[in-house]
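Breakdown of the fold
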Amino acid sequence: MKEQILRYVSPEYPWADRFTFLPQVNSTNDYLKKLAAQGAPHGTVALSDHQTGGHGRRGRSFLSPPGVGLYLSILLRPGCPPTQLMHLTCAAGVAMCNAIEKSVGFRPGIKWTNDIVYEKRKLGGILTELRLNPQGLVDYAIVGIGINCCQNPQDFPPEIREVAGSLAMVTGQTVDRFRVAAAELDALYAMSRGLLEPEAMLTQYRKDCVTIGQEVSLVRGEEVRHGRALDVDAEGALVVQFADGHTEAVNSGEVSVRGMYGYV
């Protein structure tokens, strides 16, 4: 699969020698953490056809069956303070929208902060993880991305069948996973080049984000508050206006955001 994917990447893609394909792995993020501890360089990528222990935010599982999806993680070493990477998940979301638009022909949206969606169905998810060095700088960041490519509705368990989707379900056509994976690699390379100058990316993120303008529920433990999502700020936080008129920027590490009238 590696050779077929690299056949479609841009000639400018510089990290082909850092790309590993794994037929099966517990988690591509966990796999890269081990490589990072061994000194793996910036731009190292692991892609698998099947994760046995795929996971998302807050320890939730991410369904990763063989033959139908793409499960990819990239290792970045920007060498910056963590405050300069607050927008990393947003940047990865825009990169995945770019990759899907390029390889499949439609542009999905983003449910703040980390779900790739189309018409109220989740097509994929993003998980970012950071490790700091003793100086307080980012030793490495790992961005994990799972994309549902070829599933039919009956391929999803009943409990998520109404909200899960795939690229094939959107297009009604066979999806070439090799082309999608290659577009992901190119998009993540482009993302890495502008990572510390995020203004243009955030402008696009606001266009892609389907949460902006929606009535939302903010869930923090047992506490649930309702408001209206107004914007995404320069650090990727969601700006929410509450019933009493005050606004607040909420961070994805603090709360889960749900649409009041459905998944999105």
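Below you will find a few notes about this structure.

1. Let's talk about the overall build of the protein
The helix and strand tally for the protein stands at 6 helices and 12 strands. Here the C-alpha radius of gyration of the protein, 18 Å, is about what a compact globule of 264 residues would show, namely 18 Å. Taken along the three principal axes of its C-alpha coordinates, the protein extends 55 × 50 × 30 Å. In the protein, 64% of the contacts between residues at least 6 apart in sequence involve partners at least 24 apart. Surface summary for the protein: the accessible area is close to 12,200 Å², and the carbon and sulfur share equals 48%. When the 26 positive and 28 negative side-chain charges of the protein are each reduced to one mean point, those points stand 3 Å apart.

2. A word on the pairing of strand β1 (residues 19-22)
Bridge count for β1 against strand β2 (residues 45-48) is 4 bridges, and the pairing is parallel. Of the residues in β2, the one forming a bridge with Thr20 is Ala46. This β-α-β element, β1 to helix α2 (residues 28-37) to β2, shows right-handed connectivity.

3. Comments concerning the layout of surface pockets
Counted as a void, the second largest pocket has a volume near 400 Å³. Together, 20 residues line the second largest pocket, and Met86, Thr89, Thr128, Asn251 and Ser252 are the ones closest to its centre. Mapped onto the lining of the second largest pocket, the elements with two or more residues apiece are α3 (88-104) and β6 (121-132). The leading source of residues in the lining of the second largest pocket is β6, at 5 residues. Classifying every residue of the lining of the second largest pocket by side-chain character gives 8 nonpolar, 8 polar and 4 charged.

4. Details of the packing of aromatic side chains
Tallied over the full model, the rule gives 4 aromatic pairs. A centroid spacing of 6.1 Å and a plane angle of 80° characterise the contact between Tyr13 and Trp15, whose relative ring orientation is edge-to-face. On the basis of an interplanar angle of 65° and a centroid distance of 5.0 Å, the ring pair of Phe106 and Tyr118 is categorised as edge-to-face. Of this pair, Phe106 sits in the loop between α3 and β4 (109-111) while Tyr118 is found in strand β5 (residues 115-118), placing the two residues 12 residues apart along the sequence.

5. Let's talk about the sheet that holds strand β9 (residues 223-232)
The sheet built from 5 strands is open, its strands ordered β11-β10-β9-β8-β12 with antiparallel pairing. Either end of the sheet is taken by a strand with one partner, and the two such strands are β11 (247-250) and β12 (256-259). Mean inter-strand twist for the sheet, computed between neighbouring axes without regard to direction, equals 45°. As paired elements, strand β8 (residues 215-220) and β12 share 4 bridges and run antiparallel to each other. Within the sheet, the bridge partner assigned to Leu218 lies in β12 and is Val257.

6. Section: the pairing of strand β10 (residues 238-242)
The buried fraction of β10 is high, at 4 of 5 residues. Examined bridge by bridge, β9 and β10 share 5 bridges and lie antiparallel to one another. Counted as the bridge partner of Gly227 is Phe242 from β10. The antiparallel hairpin formed by β9 and β10 contains 5 residues in its connecting segment, where Gly236 sits at a positive phi of about 85°. Where β10 and β11 come together, 4 bridges link them in antiparallel fashion. Within β11, the position partnered with Val239 by the bridge is Ala249.

What counts, and where the lines are drawn
- Residues numbered from 1 in each chain as written.
- Predicted model: local features only at pLDDT ≥ 70, side-chain atom pairs only at ≥ 80, totals over all residues.
- Heavy atoms only, no water.
- Helix = DSSP H or I, 4+ residues; strand = E, 2+ residues; numbered from the N terminus.
- Rg over C-alpha atoms; globule rule 2.2 N^0.38 Å.
- Contact = heavy atoms within 4.5 Å.
- Areas by Shrake-Rupley, 256 points an atom, 1.4 Å probe, with all protein chains shown as cover.
- Lys, Arg positive; Asp, Glu negative; His and termini not counted.
- Charge placed at Lys NZ, Arg CZ, Asp CG, Glu CD.
- Pairing = 2+ DSSP bridges.
- Right-handed = clockwise from strand over helix to strand, strands pointing away.
- 1 Å grid on protein atoms, 1.4 Å probe; cavity = no way out; pocket = protein on both sides within 12 Å on 5 of 7 lines; lining within 4 Å.
- Points joined across faces, edges and corners; volume = space filled by probe spheres on them.
- Nonpolar A, V, L, I, M, F, W, Y, C, P; charged D, E, K, R; others polar.
- Phe/Tyr/Trp six-rings, centres within 6.5 Å; stacked < 30°, edge-to-face > 60°.
- Axes fitted to C-alpha atoms, helices over the stretch in contact; angles between N-to-C directions.
- Buried < 20%, exposed > 50% of the residue type's maximum accessible area, 1.4 Å probe, protein only.

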